[in-house]
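Given next are the chains, with one letter for each unit.
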Amino acid sequence: MSYEFAWLDYRNSVAAGAGDYLKKIACTGFEIASEADKNILFSAEQELMRAAKEINGQQSTVLKDEVTSEGISVVLSDAPGLKTGGFKIMITGPKITIEASDASGILYGVFRAITLIRTGKTSDGQIAESPASPIRMLDHWDNPDGSIERGYSGRSFFFKNDHLYVDDRTREYARLVASVGINAVAINNVNVNDIATGLVSGYDRKELTEIAKIFGDYGIKLYISLNFASPMSLGATDTADPLDSKVAQWWKEAADGLYRDIPELGGFLVKADSEGRPGPFSYDRTHADGANMLARALAPHNGLLIWRCFVYNCQQDWRDHTMDRARACYDNFIGLDGQFDDNVILQIKNGPMDFQVREPVSPLFGGLKKTNMMVEFQIAQEYTGQQRDICYLIPMFKQVLDFKTYNGDGEGVLCDIVTGKGSKQTCGMVAVSNTGDDPNWTGHDLAGANLYGFGRLAFNPALTSEEIADEWSRLTFCNDDTVADGVTKMLMMSWPTYEKYTSPLGIGWMISPGHHYGPDIEGYEFSPWGTYHRSDRNGLGVERGKTGTKMIDQYNEPVRSLYESIETCPDELVLFFHRLSYDHVLKSGKTVIEHIYDSHFEGVQDVNEMIGIWRSLADKVDGVRFGRVNDRLDGQLMNAREWRDRINTYYYRHSGVPDKQGRKIY
Ligand code: GCU
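About the cut-offs
- Residues numbered from 1 in each chain as written.
- Predicted model: local features only at pLDDT ≥ 70, side-chain atom pairs only at ≥ 80, totals over all residues.
- Heavy atoms only, no water.
- Domains from an automatic or database assignment.
- Buried area = accessible area lost by both parts, 1.4 Å probe.
- Salt bridge = Lys/Arg side-chain N within 4 Å of Asp/Glu carboxyl O.
- Polar contact = N/O pair within 3.5 Å; in protein donor to acceptor, adjacent residues only side chain to side chain.
- Helix = DSSP H or I, 4+ residues; strand = E, 2+ residues; numbered from the N terminus.
- 1 Å grid on protein atoms, 1.4 Å probe; cavity = no way out; pocket = protein on both sides within 12 Å on 5 of 7 lines; lining within 4 Å.
- Points joined across faces, edges and corners; volume = space filled by probe spheres on them.
- Nonpolar A, V, L, I, M, F, W, Y, C, P; charged D, E, K, R; others polar.
- Axes fitted to C-alpha atoms, helices over the stretch in contact; angles between N-to-C directions.
- Parallel < 35°, antiparallel > 145°, perpendicular 65-115°, else oblique.
- Left-handed = near helix turned anticlockwise from the far one by under 90°.
- Contact = heavy atoms within 4.5 Å.
- Pairing = 2+ DSSP bridges.
- Core = buried A, V, L, I, M, F, W, Y, C linked by side-chain atoms within 4.5 Å.
- Buried < 20%, exposed > 50% of the residue type's maximum accessible area, 1.4 Å probe, protein only.
- Expected span 1.5 Å × (residues − 1).
- Near = heavy atom within 4 Å.
- Phe/Tyr/Trp six-rings, centres within 6.5 Å; stacked < 30°, edge-to-face > 60°.

1. With respect to the domain arrangement of the protein chain
- The domain architecture assigned to the protein chain consists of domain 1 (6–129), domain 2 (135–464), domain 3 (477–542 + 579–666) and domain 4 (543–573).
- Centre-to-centre, using C-alpha coordinates, domain 1 lies 32 Å away from domain 2.
- Of the roughly 1,600 Å² buried between domain 1 and domain 2 on both sides combined, carbon and sulfur atoms contribute 56%.
- It is Trp-7, Tyr-108 and Glu-129 in domain 1 that bury the most area against domain 2; as a group they hold 39% of the surface buried on that side.
- For the interface between domain 1 and domain 2, the tally reads two salt bridges.
- We note a salt bridge from Arg-175 to Glu-47, for which the minimum N-O separation is 2.8 Å.
- Between the two partners, domain 1 and domain 2, sit six residue pairs in polar contact (both at pLDDT 80 or more).
- Going through the elements one at a time, helix H2 (35–56) and helix H3 (103–118) are the ones with two or more residues in the side of domain 1 that touches domain 2.
- Per-element tally for the side of domain 1 that touches domain 2: the top contributor is H2, with five residues.

2. Observations regarding empty space enclosed by the protein
- On inspection of all chains with the given rule, the structure shows eleven cavities of 30 Å³ or more.
- Size it by volume and the largest cavity reaches roughly 180 Å³.
- In terms of lining, the largest cavity is formed by 19 residues, of which the most central are Phe-111, Arg-112, Ser-179, Val-180 and Arg-456.
- Counting residues per element, the ones that place at least two in the lining of the largest cavity are H3, helix H14 (448–459) and helix H15 (465–476).
- Its residues placed into classes, the lining of the largest cavity shows eleven nonpolar, three polar and five charged.
- Inspection of the lining of the largest cavity shows a minimum of three residues originating in each of domain 1 (6–129) and domain 2 (135–464).
- Considered as a void within the structure, the second largest cavity measures approximately 80 Å³ in volume.
- Taken together, the residues of the lining of the second largest cavity break down into seven nonpolar, four polar and no charged.
- A domain-level breakdown of the lining of the second largest cavity finds at least three residues from each of domain 2 (135–464) and domain 3 (477–542 + 579–666).

3. Let's talk about the packing of helix H8 (residues 245–261) against helix H9 (residues 287–298)
- It is at 8 Å that the axes of H8 and H9 come closest, and there the two elements cross at 40°. Taken together, the axes of H8 and H9 are oblique relative to one another. Crossing angle aside, the handedness with which H8 passes H9 is right-handed. Touching Val-247, Ala-248, Trp-251, Lys-252, Ala-255 and Tyr-259 of H8 are Met-293, Leu-294, Ala-297 and Leu-298, all from H9.
- Residue composition of the contact of H8 with H9, by class: nine nonpolar, no polar and one charged.

4. Examining the sheet that holds strand E4 (residues 87–92)
- Spatially, six strands are ordered E2-E1-E3-E5-E4-E6 in an open sheet, and the strand pairing comes out mixed. Both edges of this open sheet fall to strand E2 (62–64) and strand E6 (125–129), since each of them pairs with a single strand only. Between one strand axis and the next, the sheet turns by 15° as a mean value, whatever way the strands run.
- Each of strand E1 (25–28), E2 and strand E3 (71–76) touches H2; the most contacted strand, E1, lies at about 170° to it.
- Strands in contact with H3 are E3, E4, strand E5 (95–100) and E6; relative to E4, the strand with the most contacts, it is inclined by about 40°.

5. Focus: the nonpolar core
- Ranked by size, the top nonpolar core spans 211 residues in total, and within it Trp-251 and Trp-307 carry the most contacts.
- In terms of residue count, helix H19 (residues 592–616) provides more of this core than any other element does, eleven residues in total.

6. Let's talk about the sheet that holds strand E11 (residues 221–226)
- What the eight strands build is a closed barrel, ordered E7-E10-E11-E12-E13-E14-E15-E16; its pairing is parallel. Neighbouring strand axes in the sheet, compared pairwise and without regard to direction, differ in orientation by 25° on average.
- As paired strands, strand E10 (residues 184–186) and E11 are joined by three bridges and run parallel to one another. When the sheet's bridge partners are listed, Val-185 is paired in E11 with Leu-222.
- The strands that helix H12 (residues 394–401) touches are strand E15 (373–378) and strand E16 (428–432); relative to E15, the one it contacts most, it runs at about 155°.

7. Comments concerning the layout of surface pockets
- Looking at the largest pocket, its volume works out to about 920 Å³.
- Lining the largest pocket are 36 residues, and of these Ile-40, Gly-219, Ile-220, Lys-221 and Glu-264 sit closest to its centre.
- Residue assignment for the lining of the largest pocket shows that the elements contributing at least two residues are H2, H3, strand E7 (135–139), helix H6 (205–217) and E11.
- At five residues, H6 tops the list of elements feeding residues into the lining of the largest pocket.
- In terms of residue class, the lining of the largest pocket is built from 15 nonpolar, twelve polar and nine charged.

8. Some details on helix H20 (residues 623–655)
- The terminal C-alpha atoms of H20 lie 47 Å apart, and with 33 residues this matches the ideal 48 Å at 1.5 Å per residue to within 8%.
- At the C-terminal side of H20, Gly-656 shows a positive phi close to 75°.

9. A closer look at the pairing of E15
- Of all six residues in E15, six are buried; the element is thus mostly enclosed.
- Of the two faces of E15, the one holding Met-373, Val-375 and Phe-377 and the one holding Met-374, Glu-376 and Gln-378 are both buried throughout.
- Bridging between strand E14 (residues 344–349) and E15 involves four bridges; their strand directions are parallel. Across the sheet, Gln-347 pairs through a bridge with Met-374, a residue of E15.
- Direction of pairing for E15 relative to E16: parallel, over a ladder of five bridges.

10. Considering the site of the ligand
- By nearness alone, 13 residues border the ligand, and Glu-149, Lys-271, Arg-308, Lys-349 and Glu-382 come closest of all.
- Within the side chain of Arg-150, one N or O atom sits 2.9 Å away from an oxygen atom of the ligand.
- Between Glu-382 and the ligand, the recorded distance is 2.5 Å, taken from a side-chain N or O atom to an oxygen atom.

11. Structural notes on the packing of aromatic side chains
- Evaluated as defined, the whole model comprises 31 aromatic pairs.
- Seen from their ring centres, Phe-158 and Phe-215 are 6.1 Å apart, and the 75° between their planes marks the pair as edge-to-face. Taken together, the residues span a long stretch of sequence, with Phe-158 in the loop between E7 and strand E8 (159–160) and Phe-215 in helix H6 at a distance of 57 residues.
- Given a relative accessible area of 0%, Phe-158 falls into the buried group.
- Centre to centre, the rings of Tyr-563 and Phe-577 are 4.4 Å apart; their planes meet at 25°, and the pair counts as stacked. Here the residue Tyr-563 occupies a position in helix H17 (residues 559–564), and Phe-577 occupies one in helix H18 (residues 574–577), the gap between them amounting to 14 residues.

12. Notes on the environment of Lys-398
- Looking at where Lys-398 falls in the secondary structure, it is placed in helix H12.
- Sequence spacing of Lys-398 and Pro-461 is 63 residues, and the spatial spacing of their C-alpha atoms is 7.5 Å.
- With residues near it in sequence (within four places) discarded, Lys-398 still touches Leu-457, Pro-461, Ala-462, Leu-463, Thr-464 and Ser-465.
- From its side chain, Lys-398 meets the backbone oxygen of Leu-463 in a polar contact 2.6 Å long.

This is the structure in structure tokens:
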């Protein structure tokens with residue numbers, strides 16, 4: 001399928017004079033680089049040439065080891081004070097100098113400089129930036145048959161017909177995500193099927209090697225999701241017991257073979273003992289036993305083992321009110337703190353449940369003190385509109401990163417834990433990817449802001465959501481203030497809007513079972529998945545405080561007390577933590593039932609407002625993309641109405657409380 005270039009289409013309108021900088025390009029110091037780094041430097045040079053060609057309509061030549069008084073000068077040298085991937089950009093009149101001390105720093109500096117030029121941010125001055133998060137990763141849930149689990153933007157461009165697939169788009173993908181600083185990518189689904197199991201032992205090795213090489217040209221390390229029971233599934237052993245020496249030997253040989261072909265491989269990603277996947281529990285072993293065994297196979301090659309903490313009982317009895325899925329992640333891992341090898345990183349979902357529109361931060365971040373951690377976000381919008389409804393998630397991610405965990409001496413802000421400012425330096429941020437082979441990569445054009453924004457945020461968490469949205473809009477649509485302001489407004493409204501018309505006050509899980517789009521209030525109420533709201537005529541919510549499941553005790557003080565007391569618990573999370581009656585008065589001054597009605601009516605109004613903003617941009621955005629977004633907005637309005645009317649009707653029927661304002665409830 002043909003594809004567009006998202007925010008890297010340099011033919012879009014740019015700031016006046018942008019092209020002048022690209023008439024002369026000089027590169028210095030590149031010859032000292034290693035072979036692998038030379039490839040990254042080559043990508044950087046190519047990028048400048050492409051920008052010159054697309055912006056000026058003509059080629060520029062790259063001058064080697066010449067100092068120019070104007071244009072772009074790229075210098076690889078021992079620039080002090082920069083971390084790996086860091087760069088400095090100095091702008092003086094007609095000259096821009098990009099300096100870094102490693103190849104990826106040069107590449108990121110070049111992408112950054114092109115952005116500054118395109119958006120006209122070229123007044124004299126200097127910027128120095130180093131990536132905050134050491135690992136900035138995308139996890140693709142792509143299956144060998146080309147389908148994508150929770151994929152809402154077409155089919156996989158990594159797999160087709162049970163094989164890996166490499167073409168121009170592979171390189172365009174690497175270029176796209178490297179432009180926002182992504183440096184690690186897992187290409188296959190964490191739910192590893194039989195074919196993907198073979199990837200560790202030779203299946204499609206030629207293509208795997210090619211992909212790793214293309215990624216390497218853009219400073220990206222390839223990761224493979226693996227099946228914990230691979231040696232057994234492939235018939236090599238009759239057990240997957242991590243303490244069995246035959247099993248450990250099999251993994252050692254598999255890792256040695258992989259690294260022989262792909263020396264730059266990042267490592268493995270594992271979902272074990274989760275939603276039916278095999279894992280160490282089957283052998284009465286711990287997750288530390290399982291992870292360390294794999295990590296030891298990777299250690300001689302400096303590989304990393306990323307182990308997911310999404311472990312819970314998905315065979316729960318809904319009648320059992322003592323069991324609480326929200327406790328599971330913490331309960332399964334807290335006792336293992338300090339037992340993981342140095343090259344193991346635990347990948348923890350941002351919340352204790354599963355990527356809902358509103359959840360508290362996972363208490364595990366505040367519990368573990370001697371373990372490497374990564375935060376796992378999901379830009380695929382599984383539960384937040386599936387790239388059909390707009391939901392710009394960067395403001396949510398920023399709230400998560402700003403969360404104070406109190407896991408040490410100080411506040412232990414989550415961002416510090418995942419950017420190496422805490423006690424552990426091996427850490428990072430990961431997002432479940434939202435790409436597919438749709439021409440625009442992300443299904444909904446505006447969902448591109450989540451892909452762009454996640455990368456930018458992992459590189460520089462100090463950026464505001466508005467800055468990211470504005471920049472993304474200028475690069476993607478055109479460098480126009482009205483468009484950038486309108487798009488930024490829509491994006492900034494979108495998460496609160498989605499929250500308003502879906503499930504209220506942090507309660508979550510009112511989505512249609514299976515595909516998870518659209519409302520089904522009791523869809524998961526009598527199921528084994530542990531996702532209940534227990535609404536009845538008296539009220540709604542699961543009590544997770546001292547009189548309930550005590551999940552709140554998993555937080556450190558003062559967070560624990562804040563959530564325990566209904567008086568201090570923030571409104572937006574109050575139904576996550578507490579069971580309340582319909583007439584309970586929230587801090588907002590509204591009762592719970594009034595809040596439910598009001599927020600659902602407001603949510604639909606907000607969608608109408610977004611439609612108005614978009615339509616006002618009709619003659620400033622190209623017709624194809626204008627029409628695509630317009631169509632999706634029509635769908636979003638219908639969806640929002642459906643949510644509003646079902647939820648309001650459901651709670652009216654349960655509570656019997658009429659809407660004070662007499663609005664239509666069915
Ligand atoms: C959710 C999602 C699954 C996915 C799982 C995971 O439950 O619905 O499709 O496999 O998360 O994160 O592993």
